[in-house]
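Geometric and topological summary
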Amino acid sequence: AQSVTQLDSQVPVFEEAPVELRCNYSSSVSVYLFWYVQYPNQGLQLLLKYLSGSTLVKGINGFEAEFNKSQTSFHLRKPSVHISDTAEYFCAVISNAGGTSYGKLTFGQGTILTVHP
Amino acid sequence: EADIYQTPRYLVIGTGKKITLECSQTMGHDKMYWYQQDPGMELHLIHYSYGVNSTEKGDLSSESTVSRIRTEHFPLTLESARPSHTSQYLCASSESQGAWETQYFGPGTRLLVL
């Protein structure tokens, strides 16, 4: 079984400031890791994903995330946010090891990022 | 941009009515999914399909049912809606090559049962 914890339910930040959205996961098997963004009244859109290789993953809209296996974390960062980044962000994991959870995403509770002018 | 569509986008309906939420994708994906999302909560998988005539229940128990008669179409049905079914329902699809494949999401259907 897997679980995902997003440590902050809401993150307010000023425009052009850096931001970090925290995500921790637990799993008894190897996983792939994802960050999705949901803009108001829209579906989820993939920001980035970690499959293997370099632990620093770059995504769309200037976001990046770092996979830390020892801390079981996958925090999302952006060095300078814009008003348009206001949205809800979801961290998710999926097992890559087969079994009953293979192919099924497990999501965190979401973090609402609000960028203020 | 993903080509996955959901209708209706918003639905307000009375208790006891039968409803069908539509989901269609034009990407030829074999895998399709239904998630339920309550405000401020994580998404929970309620149904998934790995191809035509294949449907499975997800991790969250749901009174809804699904069918997969065509690759592109994955409707969800509630035989008798109740206020506890009020939620947002998101449909997604992905290629079938492996767990690493990105899931593409539709815009969702917001359901309110009175």
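The rules behind the values
- In this numbering scheme, every chain counts its residues from 1 along its sequence in written order.
- As a convention, the first chain written is A and the first ligand written is 1, with the rest following in written order.
- Given that this is a predicted model, residues contribute local features only at a pLDDT of at least 70 and side-chain atom pairs are listed and counted only at 80 or more, while totals for whole chains, interfaces and linings are drawn from all residues.
- The basis for the side-chain values is all heavy atoms of the structure; hydrogens and waters are excluded.
- Only runs of H or I of at least four residues qualify as helices and only runs of E of at least two qualify as strands under DSSP, and these elements are numbered from the N terminus.
- Our radius of gyration looks at C-alpha atoms and nothing else; its globule reference is 2.2 Å times the residue count to the power 0.38.
- Burial here depends on accessible area, computed with a 1.4 Å probe over protein chains only, as a share of the maximum for the residue type. Under 20% is buried, over 50% is exposed, and the range in between is partly exposed.
- By definition, disulfides here are pairs of cysteine sulfur atoms that lie within 2.5 Å.
- Should any heavy atoms of two residues lie within 4.5 Å, those residues are considered in contact.
- Put simply, buried area is the surface a 1.4 Å probe can reach on two separate parts but cannot reach once they are joined, added for both.
- Within this document, salt bridges are pairs made up of a side-chain nitrogen of Lys or Arg and a carboxyl oxygen of Asp or Glu, the two lying within 4 Å of each other.
- The term nonpolar core refers to a set of buried residues drawn from Ala, Val, Leu, Ile, Met, Phe, Trp, Tyr and Cys, joined through side-chain atoms within 4.5 Å.
- Between 30 and 60 degrees the pair is tilted, below 30 it is stacked and above 60 it is edge-to-face, where a pair is any two Phe, Tyr or Trp rings, Trp via its six-membered ring, whose centres lie within 6.5 Å.

Another aspect to go through is the overall build of chain B. Along the backbone of chain B there are zero helices and eleven strands. Element order for chain B, N to C, with α for helix and β for strand: β-β-β-β-β-β-β-β-β-β-β. Relative to the compact-globule value of 13 Å for 114 residues, chain B shows a C-alpha radius of gyration of 13 Å, a close match. Overall size of chain B, expressed as C-alpha extent along the three principal axes, is 40 × 30 × 25 Å. Split into buried and exposed, the 114 residues of chain B put 49% on the buried side.

Here we take up the state of the cysteines. The full count for this structure, using the stated rule, is two disulfides over all chains. Cys23 of chain A shares a disulfide with Cys91 of chain A; S-S distance 2.0 Å. The disulfide joining Cys23 of chain A to Cys91 of chain A has a torsion of about -65° about its S-S bond and is therefore left-handed. With a gap of 68 residues between them, Cys23 of chain A in strand β4 (residues 23-27) and Cys91 of chain A in strand β10 (residues 87-95) connect regions that are remote in the sequence. We classify Cys23 of chain A as buried; its relative accessible area is 0%. Here Cys23 of chain B pairs with Cys91 of chain B through a disulfide, and the sulfurs are 1.9 Å apart.

Our focus in this paragraph is the interface of chain A and chain B. The interface of chain A with chain B comprises 21 residues on the first partner and 25 residues on the second. Taking both sides of the interface into account, the surface hidden between chain A and chain B amounts to around 1900 Å²; carbon and sulfur atoms contribute 51%. Area buried by chain A at its contact with chain B is led by Asn41, Lys104 and Phe107 of chain A, which between them contribute 28% of it. Counting every contact that joins chain A to chain B gives one salt bridge.

Time to look at the nonpolar core. The biggest cluster of nonpolar side chains holds 28 residues, and the ones touching the most others in it are Leu33, Trp35, Leu47, Leu48, Phe74, Leu76 and Tyr89 of chain A. Apart from residues no more than four positions distant in its own chain, Tyr89 of chain A is found in contact with Gln6, Leu21, Trp35, Tyr36, Val37, Leu47, Phe63, Leu76, Gly110, Thr111 and Leu113 of chain A. With 18 residues, the next largest nonpolar core counts Phe34 of chain A together with Leu43, Leu90 and Ala99 of chain B among its residues.

Here we take up the pattern of salt bridges. Going through the model one piece at a time under the given rule, you end up with nine salt bridges over all chains. In this structure, Asp59 of chain B engages Lys104 of chain A in a salt bridge whose closest nitrogen and oxygen atoms are separated by 3.4 Å. With one member in each of two chains, Asp59 of chain B in the loop between β6 (54-57) and β7 (65-66) and Lys104 of chain A in the loop between β10 and β11 (106-107) form a pair that bridges those chains. Sharing partners across several salt bridges, the network here consists of Glu20, Glu66 and Arg77 of chain A.

Any pair of aromatic rings gets described here by the distance separating the centres and the angle formed by the planes. Applying the stated criterion to the full structure yields twelve aromatic pairs over all chains. With centroids separated by 5.4 Å and ring planes inclined at 80°, the aromatic side chains of Tyr36 of chain A and Phe105 of chain B adopt a geometry described as edge-to-face. Here the residue Tyr36 of chain A occupies a position in strand β5 (residues 31-38), and Phe105 of chain B occupies one in strand β10 (residues 104-105), the pair thus bridging two chains. Since its relative accessible area comes to 0%, Tyr36 of chain A is described here as buried.

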